[in-house]
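Chain by chain, the residues run as shown.
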Protein chains: 2
Amino acid sequence: MAVYTDITDAELEAFLSEFDLGAPLVFKGIAEGIQNSNFLLETERGRFILTIYERGVAHEELPYFLNLLRWLAEHGFPSATPVADRHGQLLSSLRGKPAAIVGFLPGLSVRRPTVEHCREAGRGLAWLHQAGAGYPGRRANDLGQAAWAPMFEPLQAAAEGFKPGLAATIKSDLEVLARAWPKDLPSGVIHADLFPDNVFFQNGVFAAAIDFYFACDDFLAYDLAICLNAWCFEPDGSLNVTAARAMVAGYQSLRPLSAAEREALPVLAWGAAMRFFLSRLSDWGMAAAEGAFVRPKNPMEYERKLAVHRAAQGGGGLMLFGEAGQ
Amino acid sequence: MAVYTDITDAELEAFLSEFDLGAPLVFKGIAEGIQNSNFLLETERGRFILTIYERGVAHEELPYFLNLLRWLAEHGFPSATPVADRHGQLLSSLRGKPAAIVGFLPGLSVRRPTVEHCREAGRGLAWLHQAGAGYPGRRANDLGQAAWAPMFEPLQAAAEGFKPGLAATIKSDLEVLARAWPKDLPSGVIHADLFPDNVFFQNGVFAAAIDFYFACDDFLAYDLAICLNAWCFEPDGSLNVTAARAMVAGYQSLRPLSAAEREALPVLAWGAAMRFFLSRLSDWGMAAAEGAFVRPKNPMEYERKLAVHRAAQGGGGLMLFGEAGQ
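Rules of the game
Residues numbered from 1 in each chain as written. Chains lettered and ligands numbered in written order. Predicted model: local features only at pLDDT ≥ 70, side-chain atom pairs only at ≥ 80, totals over all residues. Heavy atoms only, no water. Domains from an automatic or database assignment. Contact = heavy atoms within 4.5 Å. Buried area = accessible area lost by both parts, 1.4 Å probe. Salt bridge = Lys/Arg side-chain N within 4 Å of Asp/Glu carboxyl O. Polar contact = N/O pair within 3.5 Å; in protein donor to acceptor, adjacent residues only side chain to side chain. Helix = DSSP H or I, 4+ residues; strand = E, 2+ residues; numbered from the N terminus. Least-squares fit on C-alpha atoms with pLDDT ≥ 70 in both. Phe/Tyr/Trp six-rings, centres within 6.5 Å; stacked < 30°, edge-to-face > 60°. Lys NZ or Arg CZ within 6 Å of the ring centre and 35° of its normal.

Residue and element names in this part refer to chain A. Segmenting chain A into domains produces domain 1 (9-103) and domain 2 (115-314). Across the contact, 22 residues belong to domain 1 and 26 residues belong to domain 2. Overall, the association of domain 1 and domain 2 removes approximately 1900 Å² of surface from exposure, summing both partners, and the carbon and sulfur fraction of that is 70%. Broken down residue by residue, the surface that domain 1 buries against domain 2 is led by Y64, W71 and F77, which jointly contribute 35%. Our count for the domain 1 to domain 2 interface comes out at one salt bridge. Linking domain 1 to domain 2 there are six residue pairs in polar contact (both at pLDDT 80 or more). Here the side of domain 1 that touches domain 2 gets nine residues from one element, more than from any other, and that element is helix α2 (residues 62-74).

Take chain A, turn it by 180°, move it 0.0 Å along the axis, and it overlays chain B with an RMSD of 0.0 Å. Considering both components of the superposition, the chain copies are consistent with a two-fold axis. For chain A, the minimum C-alpha distance to the rotation axis belongs to A:I30 and amounts to 2.1 Å. Take the interface residues of chain A: 100% of them recur as interface residues in chain B, which is what a same-surface contact looks like.

The full count for this structure, using the stated rule, is 32 salt bridges over all chains. Here A:E11 and A:R95 are joined by a salt bridge, their closest N and O atoms 2.5 Å apart. Taken together, the residues span a long stretch of sequence, with A:E11 in helix α1 (residues 9-16) and A:R95 in the loop between β4 (92-94) and β5 (97-103) at a distance of 84 residues. Salt-bridge contacts for B:R123 lead to B:E120; the nearest nitrogen and oxygen are separated by 2.7 Å. Of this pair, B:R123 and B:E120 both sit in helix α3 (residues 115-132), three residues apart, which is roughly one turn of the helix.

In this structure, B:T8 sits in the segment before α1 (9-16). If sequence neighbours within four positions are ignored, B:T8 has contacts with A:R111 and B:R95.

Quick look at the packing of aromatic side chains now. Following the criterion strictly, the structure yields 32 aromatic pairs over all chains and no others. Among the aromatic residues, those joined into a ring-pair cluster are A:Y53, A:Y64, A:F65, A:W71, A:Y135 and A:Y213. Positioned above the aromatic ring of A:F276, the side-chain terminus of A:R275 is 3.7 Å from the ring centre. The ring of B:Y302 is capped by B:K305, whose NZ or CZ atom sits 4.3 Å from the centre of that ring.

Take a look at the structure:
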C-alpha cells in the first residue's frame, strides 16, 4: 500500500485541465503498488487510475512503459490504456513528479490460484507475448542472467546469515546457470513480474494484466518460467505439477513452444528463481537498514524454489509437458 | 491511509455470500480512514465501501454508528447507507474483526475551502442536525467539556514542552470554560468531527458527509463551533471572518440559531478548540512513544485557535453574524 504524494483538490483541478476528461467526481488514494502513488480517479468521462511515479522507477524509462501500454491496448491486449493529454502526451507532471493517467480495469486478483487460474494466466501471458510482438521500444533486462553474479557479490554475507553454506550453493548455482543459460530463444517484450497480484480475473477468466514496470526484452519462455515459479508452488515449497502443466498448456493454447524452448524451460525456471531470490535478498537487507514500513518479502521462499529446480536438473526434470495433446 | 487487514479472494467470497450483492468485480484497498481498513468493493449490484474496524473504535459502539447511518439515509441525508446482510444485520465479521458494507459516495473533499465551501458545509451541517432529530440511539460525548480537565492532567508536561507557560494558560482556560460552558442549549446527534476531509462536494455543492465515528449527543451549536475552527481559519492562524459568517449563514439558512445559541457560539468555539488541542496533544505524545508511521497532527495549530478565541472573549467577540439578513 502506498500513497506517498498528497494531492490537493486545486492541484488535481490544474492537472486535469490539461486533459479532456471533464470534471473530477471521485479521487481516492488506493493501496496498490509499492513504489508509486496510485489514485482512483472518476471524472465525467469514466474511471481511471492516476499514478505518480516516486522513486523505484527510473523516470527516463517511463516513455518505454507508457508507450508499451498504448501499443498493447492498440493490439487488443487487456492492460491499462494510457490517456493522452490535450498535447498528445502520455507522461505529465504533478507536484514536480512524473504522472500518468490510465484507464481503470475491473477485475479481481487471486491469492491462491487454482489449477484453472494457472491455465488462464498461462494463456494471458501468451496473449501478452503475441500482442507485444513488433513493439518498437527496446529495454534491456537489467535483472537478467548477466546481472545475477554481480548482484550476489555484496549479498553473500546476507545469504550466509539466512542459512550457513547458502553463499557457496548460490555461487555454484550461478556458475551452472551461466554455462547452461540459453543463447538463442525467441525473444520479445516480456512482463517479467506477472505474479498473481498483477493479474485480474472475471468469472475465472483472464481479464487483464497490470504493473508493467519491469517489462523488458528477453526470452519469451523466461517470462513463462517466472510465472511457473510465481503461480505453481504450494505453500510447503513443492511444485504443483498439475498447476504447472496447466499453465504451460494454457500458454501453448495460444503460442506453442519450440522444441528449444521446451528443453530450456527447466533451466529458465531455475534462473527465474535466482532472479527473485537475489532481488528479495537485496530488498530484505535494505529494508532492515532503512527501518522501512513496507515489509519486504522473505527471500527464503525463493531459496526453496531454487532447491526444487536444482534438484530437477539431476533428476527427471520438472515434467511440465504432461497434459494430453502436448 | 490505512489497510491493516489483508483480505484474500476466498475470504471476500465467503463474506459476500452472506449478502445479496452478487459477485465481486473490483476490490481495492483505499487510503482513507486512519483507524480502520477500507476497501472499494464493486459487485454486480453497484459500488460499496467495505470497512473492517480495527482498534480505535470501540466495537460495542458500532451499532450506534451503523444505525445512525441507516437513520440518516432513511431521512434523506446524504451519508453512506449501510447494507444489511441476508439476516438483516448491518454489522458482520471478517477475519474475526467487525466489518460493515456501506454504499459508495461520489464526491471530492476540498483541502482549502473557499467562502462558498464554508457556506455549503454550514448548510450541510444543519441538514445533518435536522435529519438526525429523533434518532433513538444515545451516546455520550466522551470528549465533551467535562472530559477536558481530566484529559489535560497527564499532558501538562507535554504542553510545557511545546511552549513554556502553556500549561498554566490551558489550566486557566479550562477553568473559564467550565464556568462559562452553557448548561441548556438545543441538543441532539452531532457529527463532532466534520472537518473538510469528511465532506464531499459536487460542483461546489455539499454532496455528503462521511466518517461518523465521533458522532454523539451534544449541543448542536457545538458542532457548528467545531466546524468554524476546522474550516474558517487561515494558514497564518487568523480567523477568516468572511468564511465564518458564510458558514453561520449557511447553517441558519436551514436551521436558525436561537438567541442563546448565538450568544454561546464564541465560548463553544473556544471549547471546541480546546477539545482538538487536547486530543492532538495526546496523540502527539503517543505517536512519539510508539514510533508510529502515521504522522499525528501538530497540536499547536489548535493552540493558536485557542488564543484567537481567548482574545475574543475580552474584546469585541468573533463577529460571526455579519451577513445581511442575520
